[in-house]
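# Inside the fold
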Amino acid sequence: MLYPITVEVLHQVFSPHGYVEKVVTFQKSAGFQALIQFQSRQSAVSARNSLQGRNIYDGCCQLDIQFSNLEELQVNYNNERSRDFTNPSLPSEQKGRPSQPGYGDAGVGFPQMNNAAAIAAAFGGGLPPGISGTNDRCTLLASNLNPDRIDEDKLFNLFSLYGNIVRIKLLRNKPDHALIQMGDGFQAELAVHFLKGATLFGKRLEVNFSKHPNITMGAETHEYLNSNLNRFNRNAAKNYRYCCSPTKMIHLSTLPQDVTEEEIVSHLEEHGSIVNTKLFEMNGKKQALVLFESEEQATEALVCKHASTLGDSMIRISFSQLQTI
């Protein structure tokens with residue numbers, strides 16, 4: 001995908017073949033995907049016959065089109081990722097959410113969806129390769145940590161990319177080990193899958209399921225159950241969709257509106273060599289991409305600077321699956 005594909009672009013491509021009722025787009029490990037619902041089966045057949053294998057832009061964005069086994073798309077919001085053309089009055093985001101300091105980025109919300117529904121919405125009804133979806137063990141054992149550099153909040157910043165964190169405990173008798181209790185078994189399985197073998201503070205991380213079903217509360221445990229930094233309390237489907245192994249590129253959001261690239265670089269450059277940066281605006285909010293020389297440097301920047309303060313904003317950092325800026 002050399003150029004962005006939005007709901008509008010897809011509507012333009014497919015509507016010559018019939019009335020397009022709904023469009024939903026999402027990111028899977030195999031790449032960007034979309035579901036397009038026509039008013040009639042005949043239109044869908046015509047669109048597939050005409051467009052299969054064609055490029056949206058000259059020389060790129062080749063279409064691979066198959067019939068979906070979904071009968072009806074459910075669209076809750078009209079925005080750049082989903083659209084119900086039969087219901088233009090839908091909101092662009094979930095209304096009435098409690099606002100959290102610095103964490104106001106809107107996305108495809110799935111109001112009070114249960115986990116299964118959010119997972120289905122994120123992955124188009126399937127699961128990422130290598131994920132069974134049947135694991136029910138919530139507690140993980142992370143080992144080969146760097147005891148001089150790691151703490152509970154840094155582990156939280158990394159593991160919270162894959163699910164909500166209940167509590168974390170560094171093991172006093174084994175200082176390079178920690179227990180991390182995730183919100184549920186699916187989130188724990190994502191963390192094991194995507195973090196195994198990642199490098200953090202010069203050490204190759206090992207992540208496995210623990211024999212402990214949960215971490216008991218105590219003086220040495222850090223509680224995160226009610227933390228408003230847990231990412232999956234809202235926009236769960238969007239957060240599932242962005243799950244990936246550590247990459248060289250990080251994505252920063254909830255930035256101050258007047259932030260400069262120089263300020264972003266000086267905030268992050270202690271963690272490694274920054275190859276490139278890009279500051280842009282999405283839905284009127286400042287965001288940035290920062291490309292490091294290595295995955296390890298990007299991981300360190302995320303672990304140390306997610307939820308840190310830049311200007312008057314608490315910034316949010318995740319890995320980006322984009323290869324270049």
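Before reading on, note that the structure itself is shown above.
Residues numbered from 1 in each chain as written. Predicted model: local features only at pLDDT ≥ 70, side-chain atom pairs only at ≥ 80, totals over all residues. Heavy atoms only, no water.

### Describing the overall build of the protein chain
So the rule is basically this: Strands here are runs of E lasting at least two residues and helices are runs of H or I lasting at least four, both read from the DSSP assignment and numbered beginning at the N terminus. The size measure is the radius of gyration over C-alpha atoms, and the globule rule it meets is 2.2 Å times the number of residues to the 0.38 power. Using a 1.4 Å probe on the protein chains alone, a residue whose accessible area is under 20% of its type maximum counts as buried, one over 50% counts as exposed, and one in between counts as partly exposed. The contact criterion used throughout is that any non-hydrogen atoms of two residues lie within 4.5 Å. Methods summary: accessible areas were calculated by the Shrake-Rupley approach with a probe of 1.4 Å, and residue burial reflects only the protein chains presented. Under this rule, positive means Lys or Arg and negative means Asp or Glu; His and the chain ends count for nothing. By convention, the point assigned to a charge is CZ for Arg, NZ for Lys, CD for Glu and CG for Asp.
Assigned secondary structure in the protein chain consists of eight helices and 18 strands. Expected size for 325 residues packed as a compact globule is a radius of gyration near 20 Å; at 21 Å, the protein chain falls within 12% of this value. Oriented by its inertia axes, the alpha-carbon framework of the protein chain measures out at about 65 × 45 × 40 Å. For the protein chain, the proportion of its 325 residues judged to be buried stands at 50%. Restricting to contacts in the protein chain with at least 6 residues of sequence separation, those with at least 24 account for 69%. Total accessible area on the protein chain stands at roughly 16100 Å², and carbon and sulfur atoms take up 48% of it. Side chains of the protein chain give 30 positive and 33 negative charges; the mean places of these two sets differ by 5 Å.

### Focus: the packing of helix 4 (residues 152-159) against helix 8 (residues 295-305)
Selection rule: An axis is simply a line fitted to the C-alpha atoms; with a helix, the fit covers only the stretch in contact. Between two such axes, the angle follows the N-to-C directions and lies from 0 to 180 degrees. Each helix crossing is assigned a hand: it is left-handed if the near helix lies turned anticlockwise from the far helix by less than a right angle, otherwise right-handed if that turn is clockwise. Residues are grouped as follows: Ala, Val, Leu, Ile, Met, Phe, Trp, Tyr, Cys and Pro are nonpolar; Asp, Glu, Lys and Arg are charged; every other residue, Gly included, is polar.
The interhelical angle for the contact between helix 4 and helix 8, taken along N-to-C directions, is 115°, at an axis separation of 7 Å. Of the two elements, helix 4 crosses helix 8, and the hand of that crossing is right-handed. Judged by residue contacts, Lys 154, Asn 157 and Leu 158 of helix 4 engage Thr 299, Leu 302, Val 303 and Cys 304 from helix 8. Per-class residue counts for the contact of helix 4 with helix 8 are four nonpolar, two polar and one charged.

### Observations regarding the side chain of Gln 37
Locating Gln 37 in the fold gives a position in strand 2 (residues 31-38). Here Gln 37 falls in the buried class, since its relative accessible area comes to 10%. Ignoring anything within four residues of it in the chain, the contact list for Gln 37 reads Tyr 19, Val 20, Glu 21, Lys 22, Glu 72 and Leu 73.

### Some remarks on the packing of aromatic side chains
The cut-off we apply is this: Any two rings among Phe, Tyr and Trp, with Trp reduced to its six-membered ring, count as a pair given centres within 6.5 Å; such a pair is stacked if its planes are under 30 degrees apart, edge-to-face if over 60, and tilted if neither. A ring is considered to have a charge above it if a Lys NZ or an Arg CZ atom is located within 6 Å of its centre and within 35 degrees of its normal.
This structure, assessed with the given rule, holds five aromatic pairs. A ring pair is formed by Tyr 162 and Phe 194, whose centres lie 5.8 Å apart and whose planes are at 20°; its orientation type is stacked. A residue pair is termed long-range when its members are at least 10 positions apart, and Tyr 162 in the loop between helix 4 and strand 7 (165-170) and Phe 194 in helix 5 (residues 185-195) qualify at 32 residues. Each member of the pair, Tyr 162 together with Phe 194, is buried. Here the aromatic cluster, defined as three or more aromatic residues joined through ring pairs, consists of Phe 186, Phe 232 and Tyr 240. The ring of Phe 209 is capped by Arg 137, whose NZ or CZ atom sits 4.1 Å from the centre of that ring. The ring of Tyr 242 has Arg 241 lying over it, and the distance from NZ or CZ to the ring centre is 5.7 Å.

Treat this as a map of the structure, not an account of what it does.
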